[in-house]
Amino acid sequence: MITLYHCIDARSFRTLWMLEELDLPYELKVLPFPPRARARDYLAINPLGTVPLLIDGGARLTESSATCQYLAARHSPGALDVGPREPDYAAYLNWLHMSDATLTFPQTLVLRYERLEPPERRQPQVAQDYARWFLARLRAVDAALADERAHLCAGRFTAADVAVAYAPMLAGRIGLGEQLPPRVRAYGERLARRPAFTRAQAAQREAAIAQGVPAEPALNG
């Protein structure tokens, strides 16, 4: 049985969405955000205190984009995965890594310094600077969608789409949704209508309620 440690709408949503796309059985453990401060027992399982933590037999992964790549390669070769012999393999890997290192990272700083820190520690200028950074980095996604393609690479829906589409989803949660380029916003909205995305949203809410954890994302401090 696969086990996923997760916070509502956190980066671990990528992993949850992948599990639903692949129709894999899993156990979902929902933690309050941030778990390193509000679920101290979790540190004994993951010393980083971050989510996701994906456990699949002896495999343990803590990077959300890595979980997407792992699940696609292990459980859907040739489908959500893009193989080394396919022409878009390099693009696929680049999108997976860009999704977190380039797109999500600046958003986490906006979230932290605009909403999560106590009022006396908030840094509006830092939040504004990193919001601009994030929006500028979306140029790559916007350019990739310029020819009206539905997906980022390989001519089909892949784990790269799951990883990258989390960025416009999070942008909407932290007040940047209206500033997204129209193509990027439409791309995120289109993928959010996938049945697996809807199931993942329902699964996290149901698990949170059952486990006594707040079912709303902790984005307002």
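Values in this document were obtained by computation on a predicted structure and should not be read as measured data.

J.: Would you mind showing me how to read helix H3 (residues 64–75) here?
T.: Owing to its 3.6 residues per turn, the α-helix aligns residues three or four sequence positions apart on the same side. Here H3 contains 12 residues, and its C-alpha end-to-end distance of 16 Å stays within 8% of the 16 Å for a straight helix at 1.5 Å per residue. If you check which residues of H3 are buried, you get Ser64, Ser65, Thr67, Cys68, Tyr70, Leu71 and Ala72. Residues of H3 that are buried in the fold lie against strand E1 (2–6), helix H1 (13–21), strand E3 (53–56), strand E4 (59–61), helix H4 (89–116) and helix H7 (159–173).

J.: Even after reading the chapter, I still don't get the pairing of E3, so can you show me in this structure?
T.: Here is the key point about a regular strand: its side chains alternate between the two faces of the sheet. Across the two faces of E3 the burial is the same, with Leu53 and Ile55 and Leu54 and Asp56 all buried. Two elements, E1 and E3, share 3 bridges in a ladder whose sense is antiparallel. Within the sheet, the bridge partner assigned to Tyr5 lies in E3 and is Leu53. Hairpin connection between E3 and E4: a loop of 2 residues separates the two successive antiparallel strands, and Gly57 in this loop has a positive phi of roughly 65°.

J.: Sorry if this is basic, but what is going on with the nonpolar core here?
T.: General note: in soluble globular proteins, nonpolar side chains tend to be found buried as a group. Core analysis: the largest hydrophobic core is formed by 65 residues, its most contacted members being Trp17, Met18, Leu71, Trp95, Phe134 and Val141. If you tally residues by element for this core, the top one is H7, at 11 residues. The residues touching Trp17, leaving out its near neighbours within four places in the chain, are Phe157, Val162, Ala165, Leu191, Arg194, Ala196, Phe197 and Ala200. Formed by 9 residues, the second largest nonpolar core is a distinct cluster that contains Ala10, Leu31, Ala39 and Leu53.

J.: Looking at this structure, how should I read the packing of H1 against helix H9 (residues 195–210)?
T.: When two helices pack together, their arrangement is given by the angle between the helix axes and by the axis-to-axis distance. At a minimum axis separation of 8 Å, H1 and H9 run at an interaxial angle of 120°. If you check the angle between H1 and H9, you find them oblique. The element H1 and its partner H9 pack so that their crossing is right-handed. Along its contact with H1, which presents Phe13, Leu16, Trp17, Glu20 and Glu21, the element H9 presents Ala196, Phe197, Arg199, Ala200, Gln201, Ala203 and Gln204. Looking at the contact of H1 with H9 residue by residue, the class counts come to 7 nonpolar, 2 polar and 3 charged.

What counts, and where the lines are drawn
- Residues numbered from 1 in each chain as written.
- Predicted model: local features only at pLDDT ≥ 70, side-chain atom pairs only at ≥ 80, totals over all residues.
- Heavy atoms only, no water.
- Helix = DSSP H or I, 4+ residues; strand = E, 2+ residues; numbered from the N terminus.
- Expected span 1.5 Å × (residues − 1).
- Buried < 20%, exposed > 50% of the residue type's maximum accessible area, 1.4 Å probe, protein only.
- Contact = heavy atoms within 4.5 Å.
- Pairing = 2+ DSSP bridges.
- Core = buried A, V, L, I, M, F, W, Y, C linked by side-chain atoms within 4.5 Å.
- Axes fitted to C-alpha atoms, helices over the stretch in contact; angles between N-to-C directions.
- Parallel < 35°, antiparallel > 145°, perpendicular 65-115°, else oblique.
- Left-handed = near helix turned anticlockwise from the far one by under 90°.
- Nonpolar A, V, L, I, M, F, W, Y, C, P; charged D, E, K, R; others polar.

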